[in-house]
Amino acid sequence: MHYENALAEEIRASAARLLAEDVGPGDITAQLIPEHQWATANIITREPAVLCGVAWVDEIFRRLDNRVTLRWQAADGDFLQADQCFLELEGPARSLLTGERAALNMLQTLSATATSTRHYVDLIEGTNVRLLDTRKTLPGLRLAQKYAVNCGGGHNHRIGLWDAFLIKENHIAACGGIQAAVAQARKLASDLPVEVEVETFEELDQALAAGADIIMLDNFALEDLHVAVEINGGRATLEASGNVGASTLKAIADTGVDCISSGALTKDLKSIDLSMRITHTFDV
């Protein structure tokens, strides 16, 4: 519930930021259009995509002009064909044009995240391996992109630095070893999951002995991932990370790990090509 409340607040805040950034003190070009002129418009995608960002667009136009009506032809998580119209708008022409770029910017970015995730998820279909995102998100869009990953069929790793322990190389060095780091984590917050990143089989043994809940196998070769799964014997959740891409994903999943994390889902993005077109104008 905390995540849902935080996401709802983030949608409101980001819509306000987007409008402040783009509209500023006012849209001077929109003032060329008579105030009494209304219009209908369609938003289409020029390429196949997984839709994400409905709530952000709703909030943008709600804040801008509540006379604008939005008729969605698809929902978050739906697959869109190229040239498909997925949203019809009607309202004051000035408001439609003023809100256009803010709305499209959010849609094209979140849909890109969802689409990238869906592509990766499809590659490991049938393996029972969970695809995880990371904290390598676009600045200021953490919760939005985490939501988009869910829409694409992926799963969220920790949201930030507060909701789970991830003990990495430098933490281990500063704490004096894996055993000491895990023990301190249990004392600090026994209800939170403890994950340890390891780079060798020796570190894997230490993490298992320390009782880590999750072990991240960082940049392990495929044959080493197979061995790690055997060593683990189901004691901890195993997460593969590093060298994850479309060409390697299925082979990594086939090693028997429980999950695979990839920063590419949220940072290596090509925005979806979207377009808004006025279809009809009329006076009110």
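Every residue gets a number counted from 1 within its own chain, in the order that chain's sequence is written. pLDDT decides what is reported in this predicted model: residues at 70 or higher carry local features, side-chain atom pairs at 80 or more are listed and counted, and totals for whole chains, interfaces and linings draw on all residues regardless. Note: side-chain values were computed over all heavy atoms of the structure, leaving out hydrogens and water.

Undergrad: Would you mind going over the overall build of the chain with me for this structure?
TA: Working definition: helices are DSSP H or I runs of at least four residues, strands are E runs of at least two. Numbering for both runs from the N terminus. A count of helices and strands for the chain gives 10 helices and 12 strands. By principal-axis analysis of the C-alpha atoms, the chain measures approximately 75 × 35 × 25 Å. Each of the 284 residues in the chain was classed as buried or not, and the buried ones make up 47%. Should any heavy atoms of two residues lie within 4.5 Å, those residues are counted as being in contact. Pairs at least 24 residues apart make up 71% of the contacts formed inside the chain by residues separated by at least 6 positions. For the area figures, the Shrake-Rupley method with a 1.4 Å probe applies, and any residue is considered shielded solely by the protein chains shown. Surface exposure of the chain reaches about 13700 Å², of which carbon and sulfur atoms provide 50%. Note that His is not counted, nor are the chain ends; the positive residues are Lys and Arg, and the negative ones are Asp and Glu. Charge positions come from single atoms, namely NZ of Lys, CZ of Arg, CG of Asp or CD of Glu. Across the chain, the mean location of the 24 positive side-chain charges is 4 Å away from that of the 40 negative side-chain charges. The cut-offs for exposure are 20% and 50% of the maximum accessible area for each residue type, with area from a 1.4 Å probe on protein chains only; residues under the lower value are buried, those over the upper are exposed, and the others partly exposed.

Undergrad: Got a minute to help me understand the packing of helix α6 (residues 178–188) against helix α7 (residues 201–210) in this structure?
TA: A pair of packed helices can be characterised by two numbers: the angle between their axes and the separation between those axes. Lines are fitted to the C-alpha atoms to define the axes, a helix being fitted only along its stretch in contact, and any angle between axes, read from their N-to-C directions, falls within 0 to 180 degrees. For the pair α6 and α7, interaxial distance at closest approach is 9 Å and the crossing angle is 30°. Put simply, α6 runs roughly parallel to α7. The interaxial crossing formed by α6 with α7 has right-handed handedness. For the pair α6 and α7, contact is made by Ile178, Gln179 and Val182 and by Glu203, Gln206, Ala207, Ala209 and Ala210, respectively. Note on residue classes: Ala, Val, Leu, Ile, Met, Phe, Trp, Tyr, Cys and Pro are nonpolar, Asp, Glu, Lys and Arg are charged, and everything else, Gly too, is polar. A class-by-class count of the residues in the contact of α6 with α7 yields five nonpolar, two polar and one charged. Each angle receives one of four descriptions, namely roughly parallel if under 35 degrees, roughly antiparallel if over 145, roughly perpendicular if within 65 to 115, and oblique otherwise. Here a crossing is taken to be left-handed if its near helix is turned anticlockwise relative to the far helix by less than a right angle, and right-handed if that turn runs clockwise.

Undergrad: Where do I start with the sheet that holds strand β10 (residues 237–241) in this structure?
TA: Within a beta sheet, neighbouring strands are joined by backbone hydrogen bonds and run either parallel or antiparallel to one another. In this description, strands pair whenever DSSP reports at least two bridges between them. Spatially, six strands are ordered β6-β11-β10-β9-β8-β7 in an open sheet, and the strand pairing comes out parallel. Each of the sheet's edge strands pairs with one partner strand only, and the pair in question is β6 (130–132) and β7 (165–167). Along the sheet, successive strands turn relative to each other by an average axial angle of 25°, direction set aside. Across four bridges, the pairing between strand β8 (residues 194–198) and strand β9 (residues 214–218) is parallel. Bridge pairing in β9 places valine 196 opposite isoleucine 215.

Undergrad: Would you explain α7 in this entry?
TA: Given 3.6 residues per helical turn, the α-helix brings residues three or four places apart onto the same face. When α7 is considered as a whole, its buried residues turn out to be Leu204, Ala207, Leu208 and Ala210. Summarising the axial view, the buried residues of α7 lie within an arc of 165°, below the 170-degree limit, and thus occupy one face. In α7, the exposed residues that point more than 90 degrees away from the buried face are Glu202 and Ala209. Looking at the buried side of α7, the elements it contacts are α6, β8, β9 and α8 (222–232). Directions pointing from the helix axis toward each C-beta atom define the arc.

Undergrad: Any chance you could explain the sheet that holds strand β5 (residues 84–92) here in plain terms?
TA: The four strands are arranged β3-β5-β1-β12 in an open sheet whose pairing can be described as antiparallel. Edge positions in the open sheet fall to β3 (69–72) and β12 (274–283), since each of these has one partner strand only. Averaged over all adjacent pairs, the angle separating strand axes in this sheet is 15°, with direction ignored. Where strand β1 (residues 37–45) and β5 come together, eight bridges link them in antiparallel fashion. Looking at the pairing, isoleucine 44 lines up with cysteine 85 of β5. Strands in contact with helix α2 (residues 54–64) are β3 and β5; relative to β3, the strand with the most contacts, it is inclined by about 165°. In the packing of helix α3 (residues 93–123) onto the sheet, the strands contacted are β1, β3, β5 and β12, and the crossing angle to β5 comes to about 145°.

Undergrad: Help me out: how do you make sense of unusual backbone geometry in this one?
TA: Negative phi is the rule for most residues except glycine; trans is the rule for most peptide bonds. With a phi angle near 65°, asparagine 128 is a residue other than glycine that sits in the positive phi range. When you line up the elements, asparagine 128 lands in the loop between α3 and β6. Here asparagine 128 falls in the exposed class, since its relative accessible area comes to 76%. In this structure, asparagine 243 takes a positive phi of about 55° despite not being glycine. Within the secondary structure, asparagine 243 sits in the loop between β10 and α9 (249–253). Since its relative accessible area comes to 61%, asparagine 243 is described here as exposed.

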